[in-house]
Amino acid sequence: MDEKTTPPLRAGAVPCKSMQDVRREIDRVDQALVVLLAERLSYIEQAGVIKSSRDSVRDEARIEDVIAKVQAGGTRFELPAAYLEDVFRHLIEWSIAHEFVVYDDLGHADSESPDA
C-alpha cells in the first residue's frame with residue numbers, strides 16, 4: 001500500500017522519473033499548444049473577414065457543436081468532459097471577442113449602421 005501508483009499515460013506522454021522531467025515535458029507540450037493556438041487564431045481571423053454580418057460572429061449552435069466534438073474526442077484519452085468544456089468555452093469566448101475585433105476593424109460595422 002505504500003507504493004506510489006502510476007497514473008495512466010495519455011496520448012504520447014512518457015514516464016517521468018523526476019519533477020525536472022515532468023516540467024520539461026510540460027514545457028514541450030505547452031510549446032506545441034502555442035503552435036496550435038496560433039493556427040486556430042488564424043482561422044478565427046479568417047472567419048472575421050468572411051462573415052457577412054456581425055450577428056453571425058456568435059453562433060450558439062456552433063459553440064455547442066464544438067464542445068460536443070471536443071468532449072467526444074476526449075473520451076479516447078479518458079479526459080474529464082468538464083475539464084474540456086471549461087477549457088474550450090474559455091477559448092471559444094476569447095475567440096469570439098477577437099473575431100468581433102477583426103470584423104469591426106474591417107469596417108463591416110460601418111456598413112451595417114443605419115446612417116451608412
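The shown structure was predicted, so the numbers you read here are calculated from the model rather than taken from an experiment.

Colleague: Honestly, a nonpolar patch on the surface in this entry has me stumped. Any pointers?
Modeller: Where nonpolar side chains cluster on the molecular surface, the patch consists of Val-29, Leu-33, Leu-36 and Leu-37 and spans about 340 Å² of accessible area. Turning to its location among the elements, Leu-33 is positioned in helix H1 (residues 19–50).

Colleague: Just checking my understanding: could you explain helix H2 (residues 60–74) for this structure?
Modeller: Count 3.6 residues to each turn of an α-helix, and residues three or four apart come out pointing the same way. Taking 1.5 Å as the rise per residue, H2 with 15 residues should run 21 Å; its terminal C-alpha atoms sit 21 Å apart, in good agreement. Taken as a whole, H2 has its buried residues at Ile-63, Val-66, Ile-67, Val-70 and Gly-74. Mapping the buried residues of H2 onto a view down its axis gives an arc of 95°, with all of them on the same face. Counted as exposed and oriented over 90 degrees from the buried face of H2: Ala-61 and Lys-69. Tucked inside the fold, the buried residues of H2 contact helix H3 (81–105). For H2, the side-chain oxygen to backbone nitrogen distance between the N-cap and Ala-61 is 3.2 Å, and the N-cap itself is Asp-59.

Colleague: Help me understand the pattern of salt bridges in this model?
Modeller: Pairs can form between side chains of opposite charge whenever their charged atoms are close. Applying the stated criterion across every chain, the model contains 11 salt bridges. Close ionic contact of Glu-60 with Arg-58 constitutes a salt bridge, the shortest N to O distance being 3.1 Å. Looking at Glu-60, the relative accessible area reads 44%, which means it is partly exposed. Looking at Arg-58, the relative accessible area reads 34%, which means it is partly exposed. In this structure, the salt-bridge partner of Lys-69 is Asp-65, at a minimum N-O distance of 2.9 Å.

Colleague: How should I be thinking about the layout of surface pockets in this particular structure?
Modeller: Where empty space is left in the structure can be found by rolling a water-sized probe over the atoms. By volume, the largest pocket amounts to about 1800 Å³. Lining the largest pocket are 49 residues, and of these Val-29, Leu-33, Leu-79, Tyr-83 and Leu-84 lie nearest its centre. Here the lining of the largest pocket takes 15 residues from H1, the largest share from any one element. Of the residues assigned to the lining of the largest pocket, the class counts are 32 nonpolar, 6 polar and 11 charged.

Colleague: Could you clarify how one ought to interpret H1 in this entry?
Modeller: Look at H1: 46 Å from first C-alpha to last across 32 residues, which is about the 46 Å you get at 1.5 Å a residue. What H1 keeps buried is the set Asp-21, Glu-25, Ile-44, Ala-47 and Gly-48.

Colleague: So what exactly am I meant to see when it comes to the packing of H2 against H3 here?
Modeller: Between two packed helices, both the angle of their axes relative to each other and the distance between the axes serve to describe the pair. Following both chains from N to C, one finds H2 and H3 inclined at 145°, their axes separated by 9 Å at the closest point. Considering the relative orientation of H2 and H3, their crossing is right-handed. Within the contact between the two elements, H2 uses Ile-63, Glu-64, Val-66, Ile-67, Val-70, Gln-71 and Gly-74 and H3 uses Ala-81, Leu-84, Glu-85, Phe-88, Arg-89, Ile-92, Glu-93 and Ile-96. Partitioning the contact of H2 with H3 into residue classes produces 9 nonpolar, 2 polar and 4 charged.

Colleague: How do you make sense of unusual backbone geometry when you look at a structure like this?
Modeller: Peptide bonds are mostly trans, and most non-glycine residues show a negative phi. Phi is positive for Ala-11, which is not a glycine, with a value near 50°. Structurally, Ala-11 is set in the segment before H1. A positive phi angle, near 55°, is found at Glu-78, a position not held by glycine. Among the structural elements, Glu-78 can be located in the loop between H2 and H3.

Calculation rules
- Starting from 1, residues in each chain are numbered consecutively following that chain's sequence as written.
- The model is predicted, so local features are restricted to residues of pLDDT at least 70 and side-chain atom pairs to those at 80 or more, both for listing and for counting; the totals for chains, interfaces and linings are taken over all residues.
- Note that water and hydrogens are dropped before the side-chain values are worked out from all heavy atoms of the structure.
- Patch membership requires over 30% relative accessible area and the absence of a salt bridge. Like charges are linked within 9 Å, and nonpolar side chains (Val, Leu, Ile, Met, Phe, Trp, Tyr) within 5 Å.
- For accessible areas, the Shrake-Rupley method is used with a probe of radius 1.4 Å. Any residue's cover is judged against the shown protein chains and nothing else.
- For salt bridges, the criterion is a side-chain nitrogen of Lys or Arg within 4 Å of an Asp or Glu carboxyl oxygen.
- Working definition: helices are DSSP H or I runs of at least four residues, strands are E runs of at least two. Numbering for both runs from the N terminus.
- Here, expected helix span is obtained from the residue count minus one, scaled by 1.5 Å.
- Residue exposure (1.4 Å probe, protein chains only): buried if accessible area is under 20% of the type maximum, exposed if over 50%, otherwise partly exposed.
- By arc we mean the arc of the directions from the helix axis to the C-beta atoms, nothing more.
- Any two residues whose heavy atoms approach within 4.5 Å at even a single point are treated as in contact.
- Under the rule applied, a polar contact is a pair of N or O atoms within 3.5 Å (in protein, one hydrogen donor and one hydrogen acceptor; residues adjacent in sequence only if both atoms are side-chain atoms).
- Points on a 1 Å grid over protein atoms alone make up a cavity when a 1.4 Å probe fits among them but cannot get out, and a pocket when they form an open set with protein on both sides within 12 Å along at least five of seven lines; lining residues each have an atom within 4 Å of a point.
- Grid points are joined across faces, edges and corners, and a volume is the space filled by probe spheres set on the points.
- Three classes are used, and their members are as follows: Ala, Val, Leu, Ile, Met, Phe, Trp, Tyr, Cys and Pro are nonpolar, Asp, Glu, Lys and Arg are charged, and the others, Gly among them, are polar.
- Lines are fitted to the C-alpha atoms to define the axes, a helix being fitted only along its stretch in contact, and any angle between axes, read from their N-to-C directions, falls within 0 to 180 degrees.
- Rotating anticlockwise by less than a right angle from the far helix to the near helix defines a left-handed crossing, while the corresponding clockwise rotation defines a right-handed one.

On their own, these measurements won't tell you what the molecule is for.
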